[in-house]
Amino acid sequence: MAYRFINFSEKDGISDKFVYNISQDKKNRIWIGTQSGLYLFDGVKFKNIKSDKDIAGHQISNILQNVFVDSSGEIWLSSINALQILNPETQQFRSFNYNIEKLNEAISSNILNFCEAEKENVFVGTMKDYWFFINKKTGKTKHFIPQSQYLSDESKLITKIIKAGNWYYALSNNGIFKFNLNGVIVPIFNFENGKPTKNSFEDGYFNAKINSLILACGIDGIATLNLQTNQISYNTLKEEKTENADNRYFVNLVLPKAGDEIWFSSGTLGIYNLKNKKILSFKNSFQDDYSFKISNICKIFADRENNIWIGSYNGLAMLPWQNFQIKNVTLFNPFAKYFVEPFGSMKIGNEVLIANNTSNGLLWLNEKNEMNLIENPLLKGNFKALNGIQYLTKTKKNQIFGTSSLNLFQVDFQSKKLNYIPIKTSGVLGRIENDNLGNLYIASSNNGFYIYNISNKNLHHFNLWDIDKTIKTNSQNTISPRFKDKNGNIWFGKTESVYQYNPVVKKFKKLANQKAENTGAKIKLSQFFAEDSVGNIWISTNDNGIFKLSKDFKTLLNFNKQNSGLPSDFCGNLFFDKQGFLWIGTLSGLAKFDAKKGKNISVITMQNGLKESNSAVPINFSDDGNVYINHYASLSVIDLNHYQQNLLKPKTTISAIKILDKEIPFSENLKLKYFQNFITIDWFSDVYNNFNQNTFAYKLEGLDKDFVETKSNTISYSNLESGTYTFWVKSANNEGVWGEPTKITFTISAPFWKSWWFYTILGTLIFAGIYFFNRYKINQIKERAKLKTKFAQDIAALEMKALRAQMNPHFIFNSLNSIQNYILKNDSEKASQYLTKFSRLIRLILDHSNQNFITLSSEIQLLTLYIEMEDMRFEKHFESEISVDDNLDAEHILIPSMLIQPSVENAIWHGLLHKNEKGFLKIYFKKIDENLLEVTIEDNGVGRKKAEELRSKTSLRKKSYGTEITKNRIETLNKTSELQTSFEIIDLYNENENAAGTKVLIKIPFQKTML
């Protein structure tokens, strides 16, 4: 049988390689003692449990050698320097008073094992000083010291204490000590020739059926101590085919298995039969993930399901109780010295025929699984010819026929002969099927198929287009006979849709050509067929799972990975067992499918014992209930009649509730505050057989409509509304057996702002607010009328300030200097031009100073004169452009006077004036809304930051109040208008993040003049 182990690693949450002890509490949780402390297994992952009672010099996290569950369910923990008790329900630790003399002595002697005494008190065996009794409540300790002339220092090392009836037995490296609670101690030694010998005992257990102790005796093998006679009988374990004592097993652990078999450890794992003395030893292998990989075993533990947990100095493994029921037979052709690639199997009596392409005939296995060969008479003696019998079929008269790639044969298995049947075919022959009328159906590669009549030897060839007129001649010609139904009809696959042939009326039907009613999928390439008890036909595909064609051929349903839980949509052979379950070979394992419910139940994979998980290979089901999965070089055999199903219903327990990832105590009716609405719920299942194939389902009433299936054992909900919720969760074992759901109810309280009193207060405040707001608005309207006059006065004052800012004495002084400069140079023409422009600008400013609003055209005229004067004064140091949007009528648009000029002055004086090369000034007027104008003033000067630096370093320290006054004017204007004026300055930068000028955006509400 194939034994498949689950090997745990860091991905499972346990990184420690030194695993000393394993135990199981009353709720079936698994607890592990390791070099770095205590671990809890929740059925999915391991979790490291820290003790808050660890102190310097006394820590269970320092080589936790013992984990022992007493009858109350509490867990005793001992390390090389500490002793504590854990309540697994509350996860509260309790330590002992290490000042108790005898207790400290017991701990210092290195506790190796526990055995419960009475009333939850314990005996502890030590490495250095026999054994002690410890009172659980008080910590008071009693030392047990045997007396005998045969004692030695090895006698002090107590490897195990075993309870048998009213007596206890302390095993040591030199002798066994029978004792009771009253302190009576009876030494037991084995004698040979009057001398004590073979008295080293490593482990043991009580077998009540034979009233004996089964003992691990190191190099002396496995012994039996008869408790009635105190006689010890030894079974020395040796490797097969040798009597050399050097090859004896050193047995350090024993554990009952079943019947006369026991588990034992001799560094590695083994099975020993006490009756027939046979040994099965597991060799270390790293061939695949499920090989037995660990060595240096220090603990073998059987949980309540009888899964075997193995702790060692290089890791932890578990052998699920189900994982040694599949037999794997190596397929090797001893005649050709090839491993065999099987194309199918057929059981005949106690022998199995192996269809293959790695021989010169037909291979078969006898009862001892020895490979034999029936040679192809056309290739006799040519053992390396790769032309074996690849496909087999058996008629209702028990005639067996087979095809090689080129020929047809009848198999005379009784005489072990292949009888050649000469037929004239073309192309490579393939799968063969038979009907009830004595016809054989033989596939031909891309060449349709043949029908051969066994009686009259007539052979007929059919192309795909011969049976389906919708297929074009000389197109794809692949079609293969696959299945005979209960009515004797032959079904053909390897095609789009499927074909049925009735040999009685000799008619073909094309079926399953429609879309599946539940998914809309179509059969693109049919593979294999099976028929259920009511006559429905099930069809496998390589890309979309399986299809069910109803008995009347009217309904087609599709079942795939998404809607039915199949492990893969790549499906091959399929068959129904005697219980009506559909078995499907898939790319990810052998699936057991409930055809009535349309749901996958379980999957058998390499983990369960198959040679490979890929089961999309030839699979054969024999009449006696054996399943043959044909992998390359191996035949996996499952006896469904004796295959033990996992019928254990798992119990699901909610293990933790976390609020914002912080674990909190909880009870059945949990009360939470409104802000505690981010909740995580953890749970565990108590069934560990192939636990990673278990399934969970949860539902939160009030949020989830149906149960949601998952492989995880935790779920989080966020932002839950206030209210009462009931959370349900249940588990299914690896074979799809569901346990009863468990639940917890919790209530999230409503926030205070949703309470009745809050609404009352809020309503009162709102009513009062509305009342006072109305009073305020009435008063505001009255005040606004009073303020309008004052605002008008403020605006006038600000306009005058703006006028002074525009035409400040510094500007006038510079302008007159420019005129003087032209006169001194005898440039009377330029002086005259400049003086003309200056007088016109002064006149315009004086005219505008008496008006609150001017036309846009007047503002543009003022700006043009001002820019021309500055351009003349600075000797054409910059160019300028003023543009107006086409949809603006400048003559009939009114804007506040002299609001733009200060920004233009700043652009020239502080931006363009300091530029070494010739600058550019652009002014653009654009309408952006029905009554809103956007003015853009953009220069490519030195930028505001550079201008400030230059101004601080030179004597030209002209302080501009224009920007400040403009902002004040805008603020005042906004108080008297619903449309808001805005002012924004944007610093411009080039692609190298250097200053590239300044842009000013002014958005101005405008009015229209009457035409």
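Residues numbered from 1 in each chain as written. Predicted model: local features only at pLDDT ≥ 70, side-chain atom pairs only at ≥ 80, totals over all residues. Heavy atoms only, no water.

The name given to the chain in an unreviewed UniProt entry is Two component regulator propeller, and the organism recorded there is Cloacibacterium rupense.

The positions UniProt marks with the feature "domain: Two component regulator three Y" (unreviewed entry) are residues 687-748. Helix and strand shares over residues 687-748 are 0% and 50% respectively, and the end C-alpha atoms of the span are 33 Å apart. (UniProt positions renumbered as here; feature names shortened; annotations may be inferred. Helix = DSSP H or I, 4+ residues; strand = E, 2+ residues; numbered from the N terminus.)

As recorded in UniProt, the feature "transmembrane region" (unreviewed entry) lies at residues 756-774. Between the C-alpha atoms that bound residues 756-774 there is a distance of 27 Å. The span itself is 100% helix and 0% strand.

All right, on to the side chain of Gln-84 then. Topologically, Gln-84 is positioned in strand E8 (residues 83-87). Gln-84 sits in the buried class, given a relative accessible area of 0%. Reaching out from Gln-84, the side chain makes a polar contact with the side chain of Asp-54 at a distance of 2.9 Å. Setting aside chain neighbours within four positions, we find Gln-84 in contact with Ser-51, Lys-53, Asp-54, His-58, Ile-60, Ile-75, Trp-76, Leu-77, Phe-93, Arg-94, Ser-95 and Tyr-98. (Buried < 20%, exposed > 50% of the residue type's maximum accessible area, 1.4 Å probe, protein only. Polar contact = N/O pair within 3.5 Å; in protein donor to acceptor, adjacent residues only side chain to side chain. Contact = heavy atoms within 4.5 Å.)

Looking now at the packing of helix H7 (residues 856-873) against helix H8 (residues 901-912). For the pair H7 and H8, the least separation of the axes is 11 Å and the interaxial angle reads 20°. One element, H7, and the other, H8, form an angle in the roughly parallel class. Both H7 and H8 take part in a crossing whose hand is right-handed. Facing Glu-859, Leu-862, Leu-863, Tyr-866, Ile-867, Glu-870 and Arg-873 of H7, the residues of H8 in contact are Gln-901, Val-904, Glu-905, Ile-908 and Trp-909. (Axes fitted to C-alpha atoms, helices over the stretch in contact; angles between N-to-C directions. Parallel < 35°, antiparallel > 145°, perpendicular 65-115°, else oblique. Left-handed = near helix turned anticlockwise from the far one by under 90°.)

Taken in spatial order, the five strands make up an open sheet running E63-E69-E68-E65-E66, and their pairing is mixed. The two strands at the open ends of the sheet, each matched to only one other strand, are strand E63 (669-672) and strand E66 (708-710). Sheet twist, expressed as the mean angle between neighbouring strand axes with direction ignored, is 25°. Bridge count between strand E65 (residues 695-701) and strand E68 (residues 723-732): seven bridges; the pairing is antiparallel. (Pairing = 2+ DSSP bridges.)

Scanning the model with the defined rule gives 22 salt bridges in all. Between Lys-136 and Asp-70 there is a salt bridge, with its nearest N and O atoms 2.8 Å apart. Placement of the pair is Lys-136 in the loop between strand E12 (131-134) and strand E13 (141-144) and Asp-70 in the loop between strand E6 (64-69) and strand E7 (75-79), with a sequence separation of 66 residues. With its nearest N and O atoms 3.6 Å apart, the salt bridge here joins Lys-918 to Glu-879. Of the two residues, Lys-918 sits in the loop between H8 and strand E73 (919-929) while Glu-879 sits in strand E71 (residues 878-884), which places them 39 residues apart along the sequence. On the basis of relative accessibility, which here comes to 47%, the residue Lys-918 falls in the partly exposed class. A residue is classified by how much of its surface remains accessible, and Glu-879, at 42% relative accessible area, is partly exposed. Each member of the salt-bridge network shares a partner with another, and the members are Asp-25, Lys-27, Arg-29 and Glu-89. (Salt bridge = Lys/Arg side-chain N within 4 Å of Asp/Glu carboxyl O.)

The tally for this structure, following the rule as stated, stands at zero disulfides. Cysteine Cys-115 is unpaired, with the sulfur of Cys-217 as its nearest cysteine sulfur at 19 Å. Judged by relative accessible area, Cys-115 falls into the buried class, the value being 7%. Residue classification places Cys-217 among the buried residues on the basis of a relative accessible area of 2%. (Disulfide = S-S within 2.5 Å.)

All right, on to the packing of helix H6 (residues 828-848) against H7 then. Contact geometry for H6 and H7: axes closest at 10 Å, N-to-C directions at 145°. The element H6 and its partner H7 pack so that their crossing is left-handed. Residues Lys-830, Gln-833, Tyr-834, Lys-837, Phe-838, Arg-840, Leu-841, Leu-844, Ile-845 and His-848 of H6 pack against Ser-858, Gln-861, Leu-862, Leu-865, Tyr-866, Glu-868, Met-869, Met-872 and Arg-873 of H7. Of the residues in the contact of H6 with H7, the class split is ten nonpolar, four polar and five charged. (Nonpolar A, V, L, I, M, F, W, Y, C, P; charged D, E, K, R; others polar.)

Here H7 is 18 residues long and its end C-alpha atoms lie 26 Å apart, about the 26 Å a rise of 1.5 Å per residue gives. In the segment just after H7, Glu-875 is the residue with positive phi, at about 55°. (Expected span 1.5 Å × (residues − 1).)

Together, Tyr-674, Phe-675, Phe-752, Trp-753, Trp-756, Trp-757, Ile-761 and Leu-765 make up a nonpolar patch on the protein surface, roughly 910 Å² of accessible area in all. On the accessibility criterion, Trp-753 (37% relative accessible area) is partly exposed. (Patch = residues over 30% accessible without salt bridge, like charges linked within 9 Å, V, L, I, M, F, W, Y side chains within 5 Å. Areas by Shrake-Rupley, 256 points an atom, 1.4 Å probe, with all protein chains shown as cover.)

Another aspect to go through is the packing of aromatic side chains. Inspection of every chain in the model, using the stated rule, returns 64 aromatic pairs. Taking the centre distance of 5.8 Å and the plane angle of 70° together, the rings of Phe-41 and Trp-309 count as edge-to-face. A residue pair is termed long-range when its members are at least 10 positions apart, and Phe-41 in strand E4 (residues 37-41) and Trp-309 in strand E29 (residues 308-312) qualify at 268 residues. This pair shows no difference in class: Phe-41 is buried, exactly as Trp-309 is. Relative to Trp-909, the ring of Phe-874 lies with its centre 6.1 Å away and its plane at 80°, an arrangement referred to as edge-to-face. Pair noted here: Phe-874 is in the loop between H7 and E71 and Trp-909 is in helix H8, with a separation of 35 residues, a long-range link. The class for Phe-874 is buried, based on a relative accessible area of 19%. Each member of the aromatic cluster is reached from another via a ring pair, and the members are Phe-123, Tyr-130, Trp-131, Phe-133, Phe-144, Tyr-150, Tyr-168, Phe-177, Phe-179, Phe-189 and Phe-191. (Phe/Tyr/Trp six-rings, centres within 6.5 Å; stacked < 30°, edge-to-face > 60°.)

Okay, the nonpolar core next. In terms of nonpolar packing, the biggest core is built from 41 residues, with Ile-900, Val-904, Leu-921, Phe-925, Val-935 and Ile-937 touching the most fellow members. Counting only elements with at least two residues in this core, the list comes to H6, H7, strand E72 (893-896), H8, E73, strand E74 (932-939), helix H10 (962-975) and strand E76 (995-1005). The element contributing the most residues to this core is H7, with nine residues. One finds Val-69, Ile-85, Ile-107 and Val-124 within the second-largest nonpolar core, a separate group that totals 28 residues. (Core = buried A, V, L, I, M, F, W, Y, C linked by side-chain atoms within 4.5 Å.)

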